[in-house]
Amino acid sequence: WGLIVFVPIFHPHPPTVKVPIRLMICVTMIAQLFSIPVLLYYFSQFSFLSPLANFFLVPFFSLVIIPFGFAALLVGLIHPGFAYLMSRGLAELWHLINHVVEKWSSFSWANLYIEKPSLLWLVIYYFVLLSRIWIMKERVKIWWICLTLLVVFQSIGLPINQQKVVVTFLDVGQ
């Protein structure tokens, strides 16, 4: 819902005006603003590469993967062999993208691990974010103050955890 509400506010151009780079930046920024608190709360991790990945991969998936996947579905109604070839090509492309993303995320500087933020921090964060909606809709010029508060609230109460996270799986053979 963050994208649906915020994109028209941050990117108020009519649909006839084509500004794709600004729109891509806007969508990436809004997606990060709304997803970062949830990711921090549940996974205690932030990836510095996720905005870059969103900026490039979301349009790529929207313009290449989804249309060709749908075309493969339609071709499959006519000839399953051609659909298989198209699907196989998309699968190879998917594996290549996945390999690059995994390689990038393996860098030590790519992820920031923090302690789990409090639920109060989450409520304050979203309160400030939703307050910004109202301020932007009312065209109040103090929205920069809210952005500053948003950044301040983001940094409050998030001590950095320098230890590596270890997950242990026990297979008891049942």
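What counts and how
- Residues numbered from 1 in each chain as written.
- Predicted model: local features only at pLDDT ≥ 70, side-chain atom pairs only at ≥ 80, totals over all residues.
- Heavy atoms only, no water.
- Helix = DSSP H or I, 4+ residues; strand = E, 2+ residues; numbered from the N terminus.
- Expected span 1.5 Å × (residues − 1).
- Bend = angle between axes of the 7 residues up to and from the residue.
- Buried < 20%, exposed > 50% of the residue type's maximum accessible area, 1.4 Å probe, protein only.
- Contact = heavy atoms within 4.5 Å.
- Axes fitted to C-alpha atoms, helices over the stretch in contact; angles between N-to-C directions.
- Parallel < 35°, antiparallel > 145°, perpendicular 65-115°, else oblique.
- Left-handed = near helix turned anticlockwise from the far one by under 90°.
- Nonpolar A, V, L, I, M, F, W, Y, C, P; charged D, E, K, R; others polar.
- Salt bridge = Lys/Arg side-chain N within 4 Å of Asp/Glu carboxyl O.
- Patch = residues over 30% accessible without salt bridge, like charges linked within 9 Å, V, L, I, M, F, W, Y side chains within 5 Å.
- Areas by Shrake-Rupley, 256 points an atom, 1.4 Å probe, with all protein chains shown as cover.
- Core = buried A, V, L, I, M, F, W, Y, C linked by side-chain atoms within 4.5 Å.

Asker: Please set out helix H3 (residues 50-78) residue by residue, giving values where relevant.
Answerer: The first and last C-alpha atoms of H3 sit 39 Å apart over 29 residues, in line with the 42 Å expected at 1.5 Å per residue. In the structure, H3 departs most strongly from a straight axis at Phe61, where the bend amounts to approximately 45°. Residues of H3 that are buried include every one of Phe55, Pro59, Ile65 and Ala72, and no others. On its buried side, H3 packs onto helix H2 (20-43) and helix H4 (80-105).

Asker: Before we move on, can you summarise the packing of H3 against H4 with the specific residues and values?
Answerer: With their axes 8 Å apart at the nearest point, H3 and H4 run at an angle of 165° to one another. Here H3 lies roughly antiparallel to H4, going by the angle between them. Relative to H4, the crossing made by H3 is left-handed. For the contact of H3 with H4, the class distribution of residues is 21 nonpolar, 3 polar and no charged.

Asker: I'd like a rundown of the pattern of salt bridges, residues and numbers included.
Answerer: Counted under the stated rule, the structure contains 1 salt bridge. The salt bridge partner of Arg88 is Glu92, with a shortest N-O separation of 2.9 Å. Pair noted here: Arg88 and Glu92 are both in helix H4, with a separation of 4 residues, about one helical turn.

Asker: Can you lay out a nonpolar patch on the surface for me, pointing to particular residues and giving the numbers?
Answerer: Together, Leu52, Phe56, Leu96, Val100, Trp104, Phe107 and Trp109 make up an exposed nonpolar region whose accessible area comes to about 700 Å². For the nonpolar patch, the secondary structure elements donating two or more residues are H3 and H4. Broken down by element, the residue count for the nonpolar patch peaks at 3 residues, all from H4. Inspection of the secondary structure assignment puts Leu96 in helix H4.

Asker: Explain unusual backbone geometry to me, using residue names and the numbers behind them.
Answerer: Backbone geometry places Ser44, a non-glycine residue, at a positive phi of 55°. In this structure, Ser44 sits in the loop between H2 and strand S1 (45-47).

Asker: An account of the nonpolar core is requested, with residue identities and associated values reported.
Answerer: With 15 residues, the main nonpolar core has Leu40, Tyr125, Tyr126 and Leu129 as its most contacted residues. Residue assignment for this core shows that the elements contributing at least two residues are H2 and helix H5 (119-137). Looking at this core, the element that brings in the most residues is H2, giving 7 residues. The residues touching Tyr126, leaving out its near neighbours within four places in the chain, are Phe34, Pro37 and Val38.

Note that all results are geometric; they support no functional claim without further evidence.
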